Amino acid sequence: MNIWNPVRITWLHRANPVVKLGLIIGLFFMTVLTHNLDFVMYQAFVFTVCLLVLSGVKPWKMLLFLIPFLLAFISSSSSMMLFGKGDTIWWEWGLFRVSEESFYRGLHLGFKGIAFASEGLLLVTTTSSVDLFYSLMQKLRLAPKYAYSFMASIRLLPMVWEEYVIRRQALKVRGVLPIRGIRGIVSRAGLYVVPLLAQSIRRAHRVAAAMEAKQFDGDGAKSRTYYYPFRYSRYDLLVIGLLAAAACCAYIAAGYFPWFGIGDVRFD
């Protein structure tokens, strides 16, 4: 059983996937265009809370899933702090130099990463790939040949990993010992890449032939019927209002409760 399966269904699960995709893209643009450190910090906090509440996944599992993004926050912010430019030097040692400007820009970059991760996971944890592509076909007229190609490729990824595991076990049984050093890395890559690539090409060819036989050419996209119909509902309005309110709360909190008081990290 997948440990990331939701234990409860929330409003965000019931909303139309196209609406959720549009909302998340809008939130991405808002985060990209935000240069106020306090605003982006509150965005990271508010959308992380929304993720814990709306994803339906147990909070401790979601926090565990956020550990890689926390490591990305540390690495990206520390890189900017240690190697960024600035006039007010706080600490310097060899190639490392921490200035006031680079410190705040590093925090800004790190909080943006957390905000991006939370916004993206809001979509990923509440929407299956099948639902997303079915909704795109029905609401945005995405050609079936592209939608089903994407769905087939997503389904094939676990097969590639399974073949990799089988290949590794077979090499162990045959007593193929890895060679150390750069030469060993190249030889091991050759042992895995060529067979996996050949199998993937064969499988992709079979899928393409099956799609051609089923006439997934996109000509009958408008007249095609669907087993899973997707419609707009009141949950779409609830989710739009909820995420818009979350963004407004982050903006108001940045104005009334600033932690850093930096209007634009590009110039301050």
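Criteria and thresholds
As a convention, each chain's residues are numbered from 1 in the sequence order in which they are written. The predicted origin of the model limits local features to residues at a pLDDT of at least 70 and limits the giving and counting of side-chain atom pairs to 80 or more, whereas totals for whole chains, interfaces and linings rest on all residues. As a rule here, side-chain values cover all heavy atoms of the structure and leave hydrogens and water aside. UniProt positions are given in the numbering used here, feature names are shortened, and annotations may be inferred rather than shown by experiment. Helix and strand definitions follow DSSP, with helices as H or I runs of at least four residues and strands as E runs of at least two, each counted in order from the N terminus. Confidence of the predictor in every single residue is expressed as pLDDT, which spans 0 to 100. Categorising residues by exposure relies on relative accessible area from a 1.4 Å probe, with only protein chains included: less than 20% of the type maximum marks a residue as buried, more than 50% marks it as exposed, and the intermediate range marks it as partly exposed. Should any heavy atoms of two residues lie within 4.5 Å, those residues are counted as being in contact.

As annotated in an unreviewed UniProt entry, the protein carries the name ABC transporter permease and comes from Paenibacillus solani. Turning to the protein, the UniProt annotation filed under Subcellular location (unreviewed entry) states: "Membrane".

Undergrad: Tell me about the UniProt feature "transmembrane region" (unreviewed entry) in the protein, and name the residues and values.
TA: Summarizing the sequence annotation, UniProt attributes the feature "transmembrane region" (unreviewed entry) to residues 12–33, 39–57, 64–83, 114–134 and 237–259 in the numbering used throughout. When the span residues 12–33 is considered, its composition is 86% helix and 0% strand, and the gap between its end C-alpha atoms is 25 Å. Across residues 237–259, the secondary structure splits into 87% helix and 0% strand, with the terminal C-alpha atoms separated by 33 Å.

Undergrad: Could you give me a rundown of the confidence of the model for the protein, with the residues and numbers involved?
TA: The predicted coordinates of low-pLDDT regions are not to be read in fine detail. Residues with a pLDDT of 70 or more make up 84% of the protein, whose mean pLDDT is 78. Mean pLDDT per element in the protein: strand 1 (residues 89–93) is the minimum at 69, and helix 2 (residues 17–32) is the maximum at 90.

Undergrad: Pulling in residues and values, what's your account of the environment of leucine 54?
TA: With respect to the secondary-structure elements, leucine 54 resides in helix 3 (residues 37–54). Taking relative accessible area as the criterion, leucine 54 reaches 8% and is therefore assigned buried. Leucine 54 sits 185 residues away from valine 239 along the chain, and the two C-alpha atoms are 9.9 Å apart. Contacts of leucine 54, omitting those with residues within four sequence positions, involve Thr10, Leu12, His13, Leu122, Thr126 and Leu242.

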